[in-house]
Amino acid sequence: MRIQRAAWPVAGLVAGVAGVAVSHATTMGLSLRPNPFVSAGEFAAGHLPRWVDSTIVKLMGNRDTGAPEVSGSEVLEPWLVILGFLGFLVVAAIAGELARKGWARPLPLQVAVGVLGVAAMIGRYTATMITVIPVAVGVVTWIVVLSFVAGPLQRRGARPDDADAPWGSRLRRRDFIARAGVFGVGGITLWLYGGRFGQKRRKVEETRRLLNLPIREQQPRAAWRIGVEGVEPWRTPTETFFVQHTALVPPAVELADWRLRVHGMVETELELTYQELIERKFVNGWITLASVTNPVGGNQIGNAWWSGVPVSQLLREAGVLSGADAVLQTSVDGWSCLTPLETLTDDRAAMIAVGMNGEALPIDHGYPARVIVPGLYGHVSACKWVTSLEVTAFAQAEGQATGHGFDPLGPVKVSSRIDTPTSGAEIASGPVDIAGSAWAPHRGVAGVDVAVDGGPWLPARVAEVPNDDTWVQWAATVELEAGTHIARVRARSNDMEEQTGVVTDVRPDGATGWHEVEFEVQ
Ligand SMILES: Nc1nc2c(c(=O)[nH]1)N[C@H]1C(S)=C(S)[C@@H](COP(=O)(O)O)O[C@H]1N2
Ligand SMILES: [Mo]
């Protein structure tokens, strides 16, 4: 009888530990930094009342040591993490006890803990969906394991002979002990070894950070900014640059294992190590990368300072044979795309990029090397973690990415976006600044027009740009009466293509239509 009473909290503990272990392993596997307990500890330590902080510093008596000031929160942090974990174990045991009355009983408690965990994660870091995954996975594991381990303790479904004393059944007791044992041991093992997940990525990340590349840094000039608040930065910060790939987990490539092959319809095959690649002539350039899947007004577009080796140089070294008109780029992860040969050999700055915004290429953006071709959408050109360039012909080959109903040539369409005002904004009366960006990569933007409430197109001011491969910032100032207004934008490329107002979907060759916003002037 006594054993049976303890069995419920034990089931709760086992389930809780399993949940924490799975959450921890997921955190590591996704290479997010701290698990929810560490996040919560850091958060709590960062919000200590001042008197707690100063008391600890006094207790530490580190005035006479001459050591650098230790803050109370730094001292307390590891203890807060442990405290949080112990607190969780108590809650887990209580959840087990609650399960006695039915499996759904502990649910509110478990969900509440999950909400706290999510709050801890996004309170400390940027609120991306991915930081929530380890907590969600952990809570679901906790719930499922609890009902499974406690299953044999439940009266329901008992056989007639043991209906009155479920614990009296030896079979059920054995069943419970087996389940609790397996999940308990499994949970603790996973907890101890879960740190191995994602280890490779952390190691690769370490190497990447210490790399010293011959990159010439450049900051955007003031003249490239239109100077209106609310416009997306002209240089997209790496942290907010859009990320698109089919791989669930981006490949972590060690430099020693990486090679770039140039082969196919060439006179001489090349196989370069990373070192051999970066010893070649370097180019740097401001280039805007857009995705064909970017909807009108969307953010699947970014502008960065890319550094690398011209593709044309490698192709020249290899010697392209006649009859070739395409290059099949293949990634370490198996993704591939077919790129028009001409765009890799003409005057544009197509490159094997190893640097982005003055630093070694981030893993998510294709470390150690990816291709960037000015003027082409990513799906036909921007192979990340690239390892092979096969010179071929469109008639013979097909890239994986070109088989999804998207245009195989992939030139970026002339397009534009209003960043401010945002849709639904309420603006004070007076002159209104309407501003945003416009692009026609490699052709360049010749002009931008704005129209308000279906009125005539008015030319916008356009900021300077260093070259035709980037987007431009634009702005127009209009006097508007109080009420609801609609603003639209259109751009024109240097080769006189005007952005069409005809609305089409992103398939097959990129969305069209004018971006418009509706806002309120007070
Ligand atoms: N290996 C690999 N490379 C890839 C992709 C991919 O799924 N796998 N997606 C492509 C697409 S569709 C785009 S738009 C760009 C996006 O590059 P980014 O993630 O650096 O912004 O990468 C391209 N390169
Ligand atoms: Mo894309």
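Along each chain, residues carry numbers from 1 onward, in the same order as the chain's sequence is written. For naming, the first written chain is A and the first written ligand is 1, with later ones following in the order written. Only residues with pLDDT of at least 70 get local features here, since the model is predicted, and only at 80 or more are side-chain atom pairs given and counted; chain-wide, interface and lining totals rely on the full set of residues. Calculation of side-chain values draws on the structure's entire complement of heavy atoms; hydrogens and water are dropped beforehand.

**Describing the confidence of the model for the chain**
- Each residue carries a pLDDT score, the predictor's confidence in it, ranging from 0 to 100. Per-residue confidence for the chain averages 88 on the pLDDT scale, and 90% of its residues sit at or above 70.
- Whether two residues are in contact is decided by their heavy atoms: any pair within 4.5 Å suffices. Taken as a whole, residues 156-166 scores under 50 in pLDDT and shows 14 contacts with residues more than four places along the chain or in a different chain.

**Description of unusual backbone geometry**
- The amide bond that connects Thr-420 to the next residue, Pro-421, takes the cis arrangement and shows omega of 0°.
- Numbering of helices and strands runs from the N terminus, with a helix taken as a DSSP run of H or I at least four residues long and a strand as a DSSP run of E at least two residues long. Inspection of the secondary structure assignment puts Pro-421 in the loop between β11 (415-420) and β12 (426-427).
- Put simply, Arg-507 and Pro-508 share a cis peptide bond, and its omega is -5°.
- Relative to the assigned elements, Pro-508 resides in the loop between β18 (483-493) and β19 (515-521).

**A short note on helix α10 (residues 311-318)**
- The buried label applies to any residue whose accessible area, calculated with a 1.4 Å probe on protein chains only, is under 20% of its type's maximum; exposed applies above 50%, and partly exposed to all values in between. Judged by how many residues are buried, α10 sits mostly within the fold: six of eight residues are covered.
- Of all the residues in α10, the buried ones are Val-311, Ser-312, Gln-313, Leu-314, Leu-315 and Ala-318.
- Looking at the residues trailing α10, positive phi occurs at Gly-319, about 80°.

**A short note on the site of ligand 1**
- The environment of ligand 1 is made up of 19 residues, and the closest members are Phe-242, Gln-244, Thr-246, His-365 and Lys-384.
- Each polar contact in these results corresponds to two N or O atoms within 3.5 Å; when the atoms are within protein, one needs to be able to donate a hydrogen and the other to accept it, and residues that are neighboring in sequence are counted only if both atoms are side-chain atoms. Between Ser-331 and ligand 1, the recorded distance is 3.2 Å, taken from a side-chain N or O atom to a nitrogen atom.
- His-365 has a polar side-chain atom sitting 2.7 Å from an oxygen atom of ligand 1.
- Exposure was quantified through the Shrake-Rupley algorithm and a 1.4 Å probe, taking into account, for residues, occlusion by the shown protein chains and nothing else. Its free accessible area being 530 Å², ligand 1 has 96% of it covered by the protein chains.
- Residues are sorted three ways: Asp, Glu, Lys and Arg are charged, Ala, Val, Leu, Ile, Met, Phe, Trp, Tyr, Cys and Pro are nonpolar, and all the rest, Gly among them, are polar. The class makeup of the residues in the shell around ligand 1 is eight nonpolar, eight polar and three charged. Distances are taken per atom, and a residue is near a molecule or strand as soon as one of its heavy atoms is within 4 Å of it.

**What about the pattern of salt bridges?**
- Take a side-chain nitrogen of Lys or Arg and a carboxyl oxygen of Asp or Glu: if they are within 4 Å of each other, that pair is a salt bridge. This model, assessed by the stated rule, comprises 19 salt bridges.
- Notably, a salt bridge pairs Arg-209 with Glu-205, separated by 3.9 Å at the nearest N-O pair. Of this pair, Arg-209 and Glu-205 both sit in helix α8 (residues 199-210), four residues apart, which is roughly one turn of the helix.
- Given the relative accessible area of 54%, Arg-209 is considered exposed.
- Residue Asp-509 pairs with Lys-413 through a salt bridge whose shortest N-O separation is 2.9 Å. One end of the pair, Asp-509, is in the loop between β18 and β19; the other, Lys-413, is in the loop between β10 (386-392) and β11, with 96 residues separating them in the sequence.
- The class for Asp-509 is partly exposed, based on a relative accessible area of 30%.

**Considering the nonpolar core**
- Grouping buried Ala, Val, Leu, Ile, Met, Phe, Trp, Tyr and Cys residues that are joined through side-chain atoms within 4.5 Å yields what is termed a nonpolar core. Ranked by size, the top nonpolar core spans 51 residues in total, and within it Leu-260, Leu-277, Val-311, Leu-314, Ile-352, Val-354 and Leu-389 carry the most contacts.
- Among the elements that line this core, the one with the most residues is α10, at four residues.
- Leaving out residues up to four positions away in the same chain, Leu-389 has contacts with Leu-260, Arg-261, Val-262, His-263, Val-311, Val-327, Leu-328, Gln-329, Ile-352 and Val-371.
- Listed in part, the 24 residues of the second largest apolar core include Ala-425, Ala-487, Val-489 and Phe-519.

**As for the environment of Gly-227**
- Looking at where Gly-227 falls in the secondary structure, it is placed in the loop between α8 and β1 (260-264).
- Among the residues examined, Gly-227 registers a relative accessible area of 69% and is labelled exposed.
- Along the sequence, Gly-227 and Ala-475 sit 248 residues apart, while their C-alpha atoms lie 8.7 Å from each other.

**A closer look at the layout of surface pockets**
- Here the second largest pocket is characterised by a volume of approximately 540 Å³.
- Lining the second largest pocket are 28 residues, with Pro-36, Phe-37, Val-113, Leu-116 and Gly-117 positioned closest to its centre.
- Where the lining of the second largest pocket is concerned, the elements lending two or more residues are α1 (2-29), α2 (36-46), α4 (72-99), α5 (107-124) and α6 (129-149).
- Of the residues belonging to the lining of the second largest pocket, the class tally is 18 nonpolar, 10 polar and no charged. A pocket, in this scheme, is an open set of points on a 1 Å grid over the protein atoms alone with protein on both sides within 12 Å along at least 5 of 7 lines, while a cavity is a set where a 1.4 Å probe fits but cannot get out; residues line either one if an atom lies within 4 Å of a point. Grid points are joined across faces, edges and corners, and a volume is the space filled by probe spheres set on the points.

**Concerning the sheet that holds β18**
- DSSP calls a pair of strands paired once it identifies at least 2 bridges connecting them. With mixed pairing, the five strands of this open sheet are ordered in space as β12-β19-β18-β14-β15. With partners counted over all chains shown, the strands left at the sheet margins are β12 and β15 (458-459), one partner each.

**A closer look at a nonpolar patch on the surface**
- Judged by side-chain polarity, Ile-188, Trp-191, Leu-192 and Tyr-193 come together as a nonpolar surface patch covering roughly 430 Å² of accessible area.
- Among the residues examined, Tyr-193 registers a relative accessible area of 49% and is labelled partly exposed. Like charges within 9 Å and nonpolar side chains (Val, Leu, Ile, Met, Phe, Trp, Tyr) within 5 Å are joined into patches, using only residues over 30% in relative accessible area that form no salt bridge.

**Some thoughts on the environment of Val-253**
- Residue placement: Val-253 occurs in the loop between α8 and β1.
- For Val-253, a relative accessible area of 8% puts it in the buried group.
- C-alpha of Val-253 to C-alpha of Val-332: the two residues are 79 residues apart in sequence and 8.2 Å apart in space.
- Here Val-253 is in contact with Val-204, Trp-258, Val-332, Tyr-367 and Pro-368, once residues within four sequence places are set aside.

**Comments concerning empty space enclosed by the protein**
- Taken as a whole and judged by the stated rule, the model has one cavity of 30 Å³ or more.
- If you trace the largest cavity, you find 14 residues lining it, with Asn-294, Tyr-377, Ser-415, Trp-439 and Ala-511 closest to the centre.
- For the lining of the largest cavity, a count of residues per class yields eight nonpolar, five polar and one charged.

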